[in-house]
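The residues making up each chain are set out below.
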Amino acid sequence: MDDSLKKTKKSEKNIALKLNTYSNGYHIAALKSVHFMDKQQDSFSCTKNHTHNFYELAIVLRGAGFHIVADQKMQIRPGSIFLLCPGEYHHYEYSSPLTLLNFMFDSTSLRSFRRRLADLPGYKQLFQRGTPKSEFHVDSATIAELDILLNTMAMESRRQMPWSSLLLTTHLINVLVLIIQKLSQEKMIHGNSDIAPAVSFMLRNYQNILHLPQLSKMANLSESAFYRKFNNEFGMPPMKWLLQ
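What counts and how
- Residues numbered from 1 in each chain as written.
- Predicted model: local features only at pLDDT ≥ 70, side-chain atom pairs only at ≥ 80, totals over all residues.
- Heavy atoms only, no water.
- Helix = DSSP H or I, 4+ residues; strand = E, 2+ residues; numbered from the N terminus.
- Buried < 20%, exposed > 50% of the residue type's maximum accessible area, 1.4 Å probe, protein only.
- Contact = heavy atoms within 4.5 Å.
- Areas by Shrake-Rupley, 256 points an atom, 1.4 Å probe, with all protein chains shown as cover.
- Patch = residues over 30% accessible without salt bridge, like charges linked within 9 Å, V, L, I, M, F, W, Y side chains within 5 Å.
- Salt bridge = Lys/Arg side-chain N within 4 Å of Asp/Glu carboxyl O.
- Pairing = 2+ DSSP bridges.
- Axes fitted to C-alpha atoms, helices over the stretch in contact; angles between N-to-C directions.
- Phe/Tyr/Trp six-rings, centres within 6.5 Å; stacked < 30°, edge-to-face > 60°.
- Core = buried A, V, L, I, M, F, W, Y, C linked by side-chain atoms within 4.5 Å.
- pLDDT = per-residue confidence, 0-100.

1. Digging into the overall build of the protein chain
In step 1: Along its length, the protein chain carries nine helices and eleven strands.
In step 2: By the burial criterion, 43% of the 244 residues in the protein chain qualify as buried.
In step 3: When contacts within the protein chain are restricted to residue pairs at least 6 apart in sequence, long-range pairs at least 24 apart make up 73% of them.
In step 4: In the structure as shown, the protein chain presents an accessible area of about 13500 Å², 52% of it carried by carbon and sulfur atoms.

As structure tokens, this is what we get:
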């Protein structure tokens, strides 16, 4: 690797975003980001590898591709959810324009509520630091609710009224409780599992008739190997797990 390429990679790795760039002086910010395709790239475009000094909750509104956190590469689609902790490096690779709902907040914004939030099922999985991370997904109705909350928060941040900070905190708690509630109702997909694509397909198509050969093919496993691996990870056979 030549020196110029090393310098480029080093400078990209050192990109660190600050919350005050987006927050109008508050401890919380909400914005919608759109990443367009790079015409110089053939099939995939990518964002720069970066970190930040705040928590970032990202929900995919539109687009498809991959989210790379450290050494873990996760497929993304509308409804995919990721929570990045301060100091974690990540970037996106996408094959179509990527639109994200971004909720950003520092460690002080939830100080009075963190203990109560931590008692909720799904909190620890969502706020997991490091890799491998679990993959989460919400339905289109939840995405619409989150989009409305984001727009409300963005407008409140611009108003800068005496009560704006309190309202931003209230809206952020609404966002987190909504997501944790939805995740607790869903089945968690293990991000480091090779059966994750099949599990994701099962969740999206639970109303249809599913067949073991179809699912095992998605995981590139034989039917017996898929059945055994699924049973080991979830404690029950695939169809029983889906129907519970």
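2. Structural notes on a nonpolar patch on the surface
In step 1: On the surface, a cluster of nonpolar side chains totalling about 250 Å² of accessible area is made up of Met161, Trp163 and Leu167.
In step 2: Mapped onto the elements of the fold, Leu167 is located in helix α5 (residues 164–185).
In step 3: Looking at Leu167, the relative accessible area reads 31%, which means it is partly exposed.

3. Details of the sheet that holds strand β5 (residues 55–62)
In step 1: Judged by pairing direction, the sheet is antiparallel, and its five strands sit side by side in the order β2-β10-β5-β8-β11 without closing on themselves. Edge positions in the sheet fall to β2 (28–35) and β11 (136–137), since each has one partner strand and no second.
In step 2: The pairing of strand β8 (residues 80–84) with β11 spans two bridges and is antiparallel. Residue Ser80 lies in a different strand from β11, and its bridge partner there is His137.
In step 3: Against the sheet, α5 touches β2, β5, β8, β10 (98–105) and β11, its axis set at about 65 degrees to β5.

4. What about the packing of aromatic side chains?
In step 1: Inspection of the entire model under this criterion finds eight aromatic pairs.
In step 2: Aromatic side chains Phe230 and Trp241 sit 5.4 Å apart centroid to centroid with 75 degrees between the ring planes, which places their arrangement in the edge-to-face category. With Phe230 in helix α8 (residues 223–234) and Trp241 in helix α9 (residues 238–243), this pair connects stretches of sequence that are eleven residues apart. Trp241 matches Phe230 in its accessibility class, with the two residues each being buried.

5. Here's the deal with the environment of Gln181
In step 1: By the element assignment, Gln181 lies in helix α5.
In step 2: A sequence separation of 61 residues divides Gln181 from Leu120, and the C-alpha atoms of the two residues are 8.2 Å apart.

6. Things to note about the side chain of Thr169
In step 1: With respect to the secondary-structure elements, Thr169 resides in helix α5.
In step 2: The class for Thr169 is buried, based on a relative accessible area of 14%.
In step 3: In this structure Thr169 touches Ile28, Ser109 and Phe113, once residues within four positions along its chain are discounted.

7. Points about the pairing of strand β7 (residues 72–76)
In step 1: Residues Gln72, Met74 and Ile76 point to one face of β7 and are all buried, whereas Lys73 and Gln75, pointing to the other face, are not buried.
In step 2: Linkage of strand β6 (residues 65–69) to β7, two consecutive antiparallel strands, is achieved through a turn of two residues, within which Ala70 is found at a positive phi near 55 degrees.

8. Description of the nonpolar core
In step 1: Leu57, Phe103, Leu126 and Ile179 are the most contacted members of the largest nonpolar core, which has 34 residues in total.
In step 2: Counting residues per element, the ones that place at least two in this core are β2, β5, β8, β10, α3 (123–126), α4 (140–159) and α5.
In step 3: The element that contributes the greatest number of residues to this core is α5, accounting for nine residues.
In step 4: The residues touching Leu57, leaving out its near neighbours within four places in the chain, are Ile81, Phe82, Leu83, Leu101, Asn102, Phe103, Leu126, Val175, Leu176 and Ile179.
In step 5: Counting residues in each nonpolar core, the second largest holds 15 residues, with Ile195, Met202, Trp241 and Leu242 among its members.

9. Quick word on the pairing of β5
In step 1: Among the eight residues in β5, seven count as buried, and that is most of the element.
In step 2: Looking at chain direction, β5 and β10 are connected through seven bridges and run antiparallel. When the bridges of β10 are listed, Arg62 appears paired with Thr99.
In step 3: Strand direction decides the pairing type here: β5 and β8, joined by four bridges, are antiparallel.

10. Section: the confidence of the model for the protein chain
In step 1: Summing up the model confidence of the protein chain, the mean pLDDT is 87 and the portion of residues at 70 or higher is 89%.
In step 2: Here residues 1–11 is modelled with pLDDT under 50, and outside its nearest four sequence neighbours on either side it reaches two contacts, counting other chains as well.

11. Overview of the sheet that holds β6
In step 1: Strand order across the open sheet formed by four strands is β3-β9-β6-β7, with antiparallel pairing between neighbours. The strands lining the two open edges of the sheet, one partner per strand, are β3 (45–46) and β7.
In step 2: Pairing of β6 with β7 involves five bridges; the strand directions are antiparallel. Within the sheet, the bridge partner assigned to Phe66 lies in β7 and is Gln75.

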